[in-house]
Amino acid sequence: MSHTTNKGKINPGRRRLLKGLSALGAAGLMNGFGPAPLWAAAKVKMGFIYVGPRDDYGYNQAHFEGKSAVATLDWVKAVDEENVPETIEVIKTMESMINLDGAQVIFPTSFGYFDPHILKTAPKYPKVMFLHCGGLWDEKKHPKNVGSYFGYIDEPVYLSGVVAGHMSKTGKLGYIAAIPIPQVLRNINSFTLGARSVNPKITTNVVFTGGWANPVKEAEAANSMADQGIDVLTCHVDSPKVVVQTAEKRGIYCCGYHTDQSVLAPKGFLTGAEWNWSKVYIDYAQMIKTGKPIPNLVRGGLKEGIVKSSPYGMTVTAKAKENADAVRKKFMDGSMIVYQGPMKDNTGKMAIPAGTRYSQTDIWLESMNWLVEGVIGTTKS
Amino acid sequence: MNDTGLGFSGVLIAVLGGAVRVGTPFLFVSLGECLTEKSGRINLGLEGNLIMGAMSGYAVAYLSGSPWLGVLVAGTSGMLLGFLHALLCQQQRVNDIAVGIAMMMFGTGLAFYLGKSFIQPVAPRLPAIALGGWSDSAVVRAALDINVLFIIGTLLAVAMAWFFRHAKWGLLLRTVGESRNAALAMGINVHRVRLYATMAGGFLAGVGGSFLSLYYPGSWNEGLSSGQGLMAVALVIFARWNPLYCLYTSLLFGGAAALGPALQSVGVSGGYYLFNAAPYILTLGIMMMTASSQQRCAGMPGELSNV
Amino acid sequence: MHNFMESIAIPTAALVFSLLIFSGFVAFSGNNVLEVLAAIYQGAFGSWFSWQNTLVRAAPLMLTALCTALPARSGLIIIGGEGAMVVGGLCATLTGISLNGLPPFFVISSMACSGVLSGGAWIAAVGALKHYRNVNETISSLLLNYIAIAILNFLILGLLRDPATLNKPSSFPIGDANMLGTIGTTSIHAGLIFGLVVCGLLWFVIRRTTFGFSIDMIGGNIRAAQISGLAVGKLIIITCFLGGAAAGLAGMIEIAAVHGRANTSLNAGYGYAGILVAFIARYNPLAIIPVAILLGGIRASSGLLQRSFDLPDATTLVLQGIIFIVILASGAVYGRLNWFKPKGDSP
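Residues numbered from 1 in each chain as written. Chains lettered and ligands numbered in written order. Predicted model: local features only at pLDDT ≥ 70, side-chain atom pairs only at ≥ 80, totals over all residues. Heavy atoms only, no water.

Another aspect to go through is the interface of chain A and chain B. Accessible area lost upon the coming together of the parts is a frequently used measure of interface size. Taken together, the contact pairs 42 residues of chain A with 50 residues of chain B. Across the chain A to chain B interface the summed buried area is about 3700 Å²; carbon plus sulfur atoms make up 51%. Where chain A packs against chain B, one counts two salt bridges. Among the salt bridges present, the one from K116 of chain B reaches E82 of chain A, with a minimum N-O distance of 3.1 Å. (Contact = heavy atoms within 4.5 Å. Buried area = accessible area lost by both parts, 1.4 Å probe. Salt bridge = Lys/Arg side-chain N within 4 Å of Asp/Glu carboxyl O.)

Following this line, the structure appears as structure tokens:
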């Protein structure tokens, strides 16, 4: 079991917690008096909440790996809970972590936790920080003890697109996605733009499966796409395992997402876009330890080390690597602008007029609701 | 359409291939359910058998290196759940539908609990028979990569149809399913017949689960089944308790599930939620049209109307 | 009298027996049984905080359980609570959005009405199909769950989508003024009161009215009911309507007390958990209350088990499954226990 690896390390805390079970009743009574029961002093206490299983080879696992990394620090105590739905149950989970485990900072990692659940809970616990993955903290609207963090993962996705553009022989790429939301659409667009920077004739077919975890639909989509002559597949669903394995079975290339999936497709794996949450979580832990103020908004891409690319697969040509590495350098020094006009969407309308440039940090990009020219698919349900 | 791809003929191939790939778990579970229902009992819990089979099959295949041993263990775990189901249903005043729901919850929970450590590893897959070796087209070859389990399932459907009609035991089973009292009068041990039928049905559902985890999509995780086991129960009604119709409707459901992604992959997009719901709407529609208040449906075991 | 004794003693014994099986399971997985059981108790009922956690989770289960329990009294096994809840929540949201700006009391009442009516109609259709076309009610209600969820997904990504909800597609909000508050200073929302009142009310209807008696008669022997001149079809459809209405109300509360808008969180499995509650409570609306609280407690303790013992969240699923099976099996014991019978009383 992957999470048993750190079991031993958090054991001292765990023992204490067990002894403290009888004290839980008392801790419960402290509801409203702020965190930190006496028996667990001195450590930085962090709580992590995942919407799915923590070993899904994807989104939730990426966060769990980050949590495991920060939990190895001996001055940190990290607790986590998986499969927490985006209902009142997440409020109760956050409150339990605060009241029963004395968490000083909570990381609810699913987008849907933000509004209304975090926004409702945070004012009740002004001493606890609620750091949410994905959402956009707004100084005017949101409580001071709420913050958000996210990575510009479309940067490594763009690089995947560049590599895919070099490796594709048919000029047809495939993207298997869950639902048409801005994060997903931005990845699809960046992937396509990356590929079209190599070969402007390339197209990307999109299949929306309608849900974040639907292995049979994902496999079916992958097979249909292979049938259509698509020779590089990538995806944005909770667990890319099925898509990557199906692509390998069909003898076509694939790019990973969320975590490193290279072992699943030794022949066809090109590269992939990964989260690097361990850095983010360790940074936060250090800030709390040293008493530094925690910024409400943490966002970054390749340069900040919040996202990264998976290592290149064996088949990736030297030319593709060279090109991708050159673009990576531009991302690192901040000179790379992916979204600049003139840029048309795939219905022929002008999405970004000539002369307009949107740098990565631009909030306009976070509400993307269009697909770029060259993408075959629609944002309608 | 684009000139490089197969276009709409590709959709056809994808749907045909998908019918077999997606339809096989439906086939096994519906055959299992058909067998159980012919004995006069509904097992609504086959979803639990399916998930438990998927998990245990994957785990054993990974640990032993043999996918076929995995299939066997998957079937056995399904059979054990079937045994438990039968045992509970034999008690007085115990509703078999309620037991089914309980078994579904128990099987699913147990599989999730025990399966945690098998999400990461990669287990060996079941082999496929390349029936498309004659074709130059990679697409045709991929669509005709038929898994052995599908062939077994097809033969099983034929065998079961014959068994119900001609074999002595098949007649026995049907008698029990038609009228408990008649069977008792003939000196048949009703409990035992139903026990065996439920266990055999559970076994088949477990094997169906192993197809999901060991062949297609071919990995174990908690979201693996999206209710195929439940749908298969509906499918049996759709198939009028006829094993051969179970085969056809499984293929139909599989093809229907493949149609949405296939159409999107050639650029016919939008409306995917409606495509996803199509099999359910279709089933409901057919149930409405073919059922009748005047008489029970053709093929329906008589005892089922008394539950 | 011995009926009443049985109805307390047997479920209690079954519960203890399930905990024993579960203990074996926990011990097998290498954990200290007493510690785990103590943690379940702590997480569910050990403090006022835990109680609030439990009650909040129990509230929707009381209503969705009725969706299975009421029709079951007339002999129909319906598992469509999830769909009725989704439809009820969706229609309530539509009402809330279109009436937003009018006096909140009026808006909230209208939302409740539309939730009740739509959820009721959804399950009444199942009853009608069963009665007039002999369509298996278990299967049709299951299919309707999938269809309801597909409609929900379709609408929140399409027609109803508020473009401001970026990465969690949702409908437009019903407005803060139209939200249900919490009870006093607790964190428990008003849904609990709805649950308790509706369960009590329906218990009264079942036990103390001719209608309730007729329903039980149909469930006991439909032929006899027909012969005695009951309008069986009408009664079955009304019962289904009431069950669906309760689940629809649960959907409305989920919107009005928790989310404020419709999205996929409406489909969180409360409908399916309600089936379990209904069966354990043996279709008795009053018994649903403690059973829902018990189940809410088990679910509330899941978090503590994960955080303190590294047990997967499926642990409580296993426990629920075991309790469900044992309680069902214990059904066979009713009427067979001699020590509750007064002497000379024939069964």
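Think of a sheet as strands paired side by side through backbone hydrogen bonds, with each pair either parallel or antiparallel. Residues and elements named next belong to chain A. Within the open sheet, the seven strands sit side by side as β12-β10-β9-β8-β6-β7-β17. Their pairing is mixed. The outermost strands of the open sheet, each flanked by one partner alone, are β12 (307–309) and β17 (375–376). The sheet strands contacting helix α6 (residues 154–167) are β6 (172–177), β8 (232–236), β9 (253–258), β10 (269–275) and β12, and the helix crosses β10 at an angle near 175°. (Pairing = 2+ DSSP bridges. Helix = DSSP H or I, 4+ residues; strand = E, 2+ residues; numbered from the N terminus. Axes fitted to C-alpha atoms, helices over the stretch in contact; angles between N-to-C directions.)

Another aspect to go through is the environment of L286 of chain C. Residues and elements named next belong to chain C. Relative to the helices and strands, L286 is located in helix α12 (residues 285–309). In this structure L286 comes out as partly exposed when scored by relative accessible area, which is 35%. Along the sequence, L286 and N53 sit 233 residues apart, while their C-alpha atoms lie 21 Å from each other. Setting aside residues no more than four positions away along its own chain, L286 makes contact with G200 and W203. (Buried < 20%, exposed > 50% of the residue type's maximum accessible area, 1.4 Å probe, protein only.)

Here the focus is unusual backbone geometry. That bond from D115 of chain A to P116 of chain A is cis: its omega, 10°, falls within 30 degrees of zero. Counting through the fold element by element, P116 of chain A comes out in helix α5 (residues 114–121). The phi angle at N83 of chain A is positive, at roughly 55°, despite the residue not being glycine. By the secondary structure assignment, N83 of chain A is in the loop between β2 (76–81) and α4 (88–99). Residue N83 of chain A is classed as partly exposed on the basis of its relative accessible area of 23%. The backbone of W241 of chain B sits at a positive phi, close to 55°, despite the residue not being glycine.

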